[in-house]
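Residue-level listing of the chains:
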Amino acid sequence: MEVQEGLNIPLRDGTKLVADLYLPRDADGPLPVILEVTPYERRRGGYYDEAPYWTSHGFAFLAVDARGQGDSEGTFGFFHDTGDDNYDVIEWAAAQPWANGKVGLRGSSFTGSSQYYAAVKNPPSLRCIVPNAVVLRPAEELPRNGGAFKLRWAVEWLAHLSDSGITYSIPGVDGEGGFDYDHILHEGALIDLDEKLTGQDNALFNAFVENDALNAYWQKIAMTAREFSRIDIPVLTFTGWFDGTLPGTVYGYQGVRSHAPADHKAHIVIGPWQHGTLTNGGVDRRTGEPVRNVGLLSFPDHAFLDGRQLTLDFYESCLKDEGEFDHPAAKVYVTGSDIWIEPETYPPPADTRAFYLSAQDGRPVLATPGQLTWSKPGAQTPSHFTYDPHNPVPESVPTPDGGMVRLQSQPVDVTPVQDRDDVLVFESEPLAEPLTVIGNVRLQLWAASDALDTDFTSHLADVRPDGVAIKLGPQSGANGRARYRNSFERETPIVPDEPFEISLDYFDIGHTFQPGHRVRVSVSSSNYPWISANPNTGLPIATDTSPPKAARQTVFHDQVLSSRLMLPVVDLTPYIADTP
């Protein structure tokens, strides 16, 4: 392999990006190009270590430092410059003497998402994209979920960027570095917390916090039907049920299938994988070994795919014109049943059913939970709890070895964070037959609060016969900030103690609850520090320094105000008959 280091790529505004080029030594003429533009330093993060693989199969591989990162000039601006910058890099690469004019994009997470922003610009030389682990909706995925600010994500992601200068080595959970979030809980305004945690005042963090609503700042990078309609190239996308970016990956695939001219060219693979392994089909790309254990779940051999080979087949089709890419539009692994299905698209047809929250016998806590029933309850007294912003529900749970594990993307036992006075619990009777759910799952909650603003949060769990409650879903839970319950673009204050409906999104789940298992839903108002703890004051979140207020929360579950879990129920029988 031949390596050319430190190439300068000029952008339209005069900024220069720096890249490394990898070529096969025995190349016979110009080559198709596989490209990644990364904010994680081109020789540290991203997919530069795959260069030998791609060059051995007859491709040039180009690894580029994003604007303002690594050795590149300029100021990094999240996704705001990504489309134009990537357009310029694509066309520069295609025009080089070592290139044949055909470019495909590679990457995941930020560099997966950025591929959509490039494709929307329609660079003439871009022939296909592989956007894995994608985020595309600022209010629902990043940096907010249900309008609630993802504090931990914002601080730690920005700290990992190459221009941060932060040494990320303070002991934390999962044996990783971390920051001490407990000591800054409600210590001043939210906009100042990054400096309290890291010692630095980050301009992007400030922008994330100041732009609380889905305003013009965010609408510039929000992918909508209009943007998807401009994408007319093949798309292959990977995600995992335990990947925090699953919501955006599914949204991107569905956007292309629904709105792009080349809808038949979109493919999605969803496996029982996490963020770091999904691109290679659940296999650690550095060791070549499948990652069998995810949280408390363990998966068999057939749960893993050769993701890189599948991607190679895709690139050879779209960059070398070596025939059609012979792969289903959707390939989906169903946990609990441990089978793959290949529906015509994703999600497969489903019967959406409502599991109603019910609590006849007082306040439903873990020791005496309320019920989930297929029929509406009759007249009932609502349930109450008090949310104290000074004592939020934590997003981490203890492990048997004395450590802590974050709930984010982890199928672990959520019992420790449900056995609290400020958490309501509802669960079904043991199931008599399998219940398979594939698609978007939401909790439609009827609630009230005596505060002017507050949050509602929830966990969905599969409770095994031994009592272990395995959290489902790609996020640390479902979250909703009440002021944005009607629209992410504008606030709607709460009228104290007046009922309102709020939708809490667990996002997509593909799972079978087996006979003897129970379905469990919890309801609370915090998930800290993954979500910033709402102070309940109703004042502007970014700059509020007033004392937080405890809020008395009400959850309704009666014939009229019917809180309900919405489940897309799928019959697996036809798929099992067609699946090896």
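Not measured: the values here are computed from a predicted model. (Residues numbered from 1 in each chain as written. Predicted model: local features only at pLDDT ≥ 70, side-chain atom pairs only at ≥ 80, totals over all residues. Heavy atoms only, no water.)

A. View of the overall build of the protein chain. When helices and strands are counted, the protein chain shows 12 helices and 28 strands. Against the 2.2 N^0.38 benchmark of 25 Å for 580 residues, the protein chain shows a C-alpha radius of gyration of 24 Å, consistent with a compact globule. Seen through its C-alpha atoms, the protein chain measures out along the principal axes to roughly 75 × 60 × 45 Å. Here the protein chain holds 580 residues, and the buried ones make up 62% of them. Long-range pairs, those at least 24 residues apart, make up 75% of the contacts in the protein chain between residues at least 6 apart in sequence. The averaged location of the 78 negative side-chain charges in the protein chain is 3 Å from the averaged location of its 44 positive side-chain charges. (Helix = DSSP H or I, 4+ residues; strand = E, 2+ residues; numbered from the N terminus. Rg over C-alpha atoms; globule rule 2.2 N^0.38 Å. Buried < 20%, exposed > 50% of the residue type's maximum accessible area, 1.4 Å probe, protein only. Contact = heavy atoms within 4.5 Å. Lys, Arg positive; Asp, Glu negative; His and termini not counted. Charge placed at Lys NZ, Arg CZ, Asp CG, Glu CD.)

B. Geometry of the packing of helix 4 (residues 151–160) against helix 6 (residues 203–210). Packing of helix 4 against helix 6 brings their axes to within 10 Å, and their N-to-C directions diverge by 160 degrees. As far as their axial angle goes, helix 6 and helix 4 are roughly antiparallel. Remark: the crossing between helix 4 and helix 6 carries right-handed chirality. Within the contact between the two elements, helix 4 uses Leu151, Trp153, Ala154, Val155 and Leu158 and helix 6 uses Leu204, Phe205 and Phe208. Its residues placed into classes, the contact of helix 4 with helix 6 shows eight nonpolar, no polar and no charged. (Axes fitted to C-alpha atoms, helices over the stretch in contact; angles between N-to-C directions. Parallel < 35°, antiparallel > 145°, perpendicular 65-115°, else oblique. Left-handed = near helix turned anticlockwise from the far one by under 90°. Nonpolar A, V, L, I, M, F, W, Y, C, P; charged D, E, K, R; others polar.)

C. Local environment of the state of the cysteines. In the structure shown here, the tally under the stated rule is one disulfide. Between the sulfur of Cys128 and that of Cys318 lies a disulfide, 2.1 Å long from S to S. When the S-S torsion is 50 degrees, as for the bridge of Cys128 with Cys318, the disulfide is right-handed. Residue Cys128 is located in strand 6 (residues 126–129), and its partner Cys318 is located in helix 10 (residues 307–320); the two are separated by 190 residues in the primary sequence. (Disulfide = S-S within 2.5 Å.)

D. Highlighting helix 10. Here helix 10 is 14 residues long and its end C-alpha atoms lie 19 Å apart, about the 20 Å a rise of 1.5 Å per residue gives. Among the 14 residues of helix 10, 10 are classified as buried, and the element is accordingly described as predominantly covered. Buried within helix 10 we find Gly307, Leu310, Thr311, Leu312, Phe314, Tyr315, Glu316, Ser317, Cys318 and Leu319. Turning to helix 10, the residues buried within the fold contact strand 3 (31–38), helix 1 (51–56), strand 5 (99–105), strand 6, strand 9 (235–242) and strand 10 (266–274). (Expected span 1.5 Å × (residues − 1).)

E. Just the confidence of the model for the protein chain, in detail. When the pLDDT values of the protein chain are averaged, the result is 94; 96% of them are 70 or greater. Long-range and interchain partners of residues 168–176, a stretch whose pLDDT sits below 50, account for 24 contacts in this model, where long-range means more than four residues apart. (pLDDT = per-residue confidence, 0-100.)

F. Representation of the nonpolar core. Judged by nonpolar contacts, the single largest core of 163 residues is most densely connected at Leu62 and Ile231. Every residue in contact with Ile231, bar those within four places of it in the chain, is listed here: Tyr116, Ala119, Val120, Met223, Val256, Ala260, Pro261 and Ala262. (Core = buried A, V, L, I, M, F, W, Y, C linked by side-chain atoms within 4.5 Å.)

G. Here's a closer look at the pairing of strand 26 (residues 518–524). For strand 26, a buried count of six out of seven residues is recorded, marking the element as mostly surrounded by other parts of the structure. By the bridge criterion, four bridges tie strand 20 (residues 424–427) to strand 26 in an arrangement that is antiparallel. The residue of strand 26 that forms the bridge with Leu424 is Val523. When strand 22 (residues 455–463) meets strand 26, the two strands line up antiparallel, connected through seven bridges. Directly across from Thr457, in strand 26, lies its bridge partner Ser524. (Pairing = 2+ DSSP bridges.)

H. Seen up close, unusual backbone geometry. Omega for the bond connecting Tyr346 with Pro347 falls within 30 degrees of zero, at 0 degrees, which places this linkage in the cis form. Positionally, Pro347 belongs in the loop between strand 14 (339–341) and strand 15 (351–358). In this chain, Tyr528 is followed by Pro529 through a cis amide linkage whose omega measures 5 degrees. If you check the backbone angles, Asp497 has positive phi at about 70 degrees while not being a glycine. For Asp497, a relative accessible area of 51% puts it in the exposed group.

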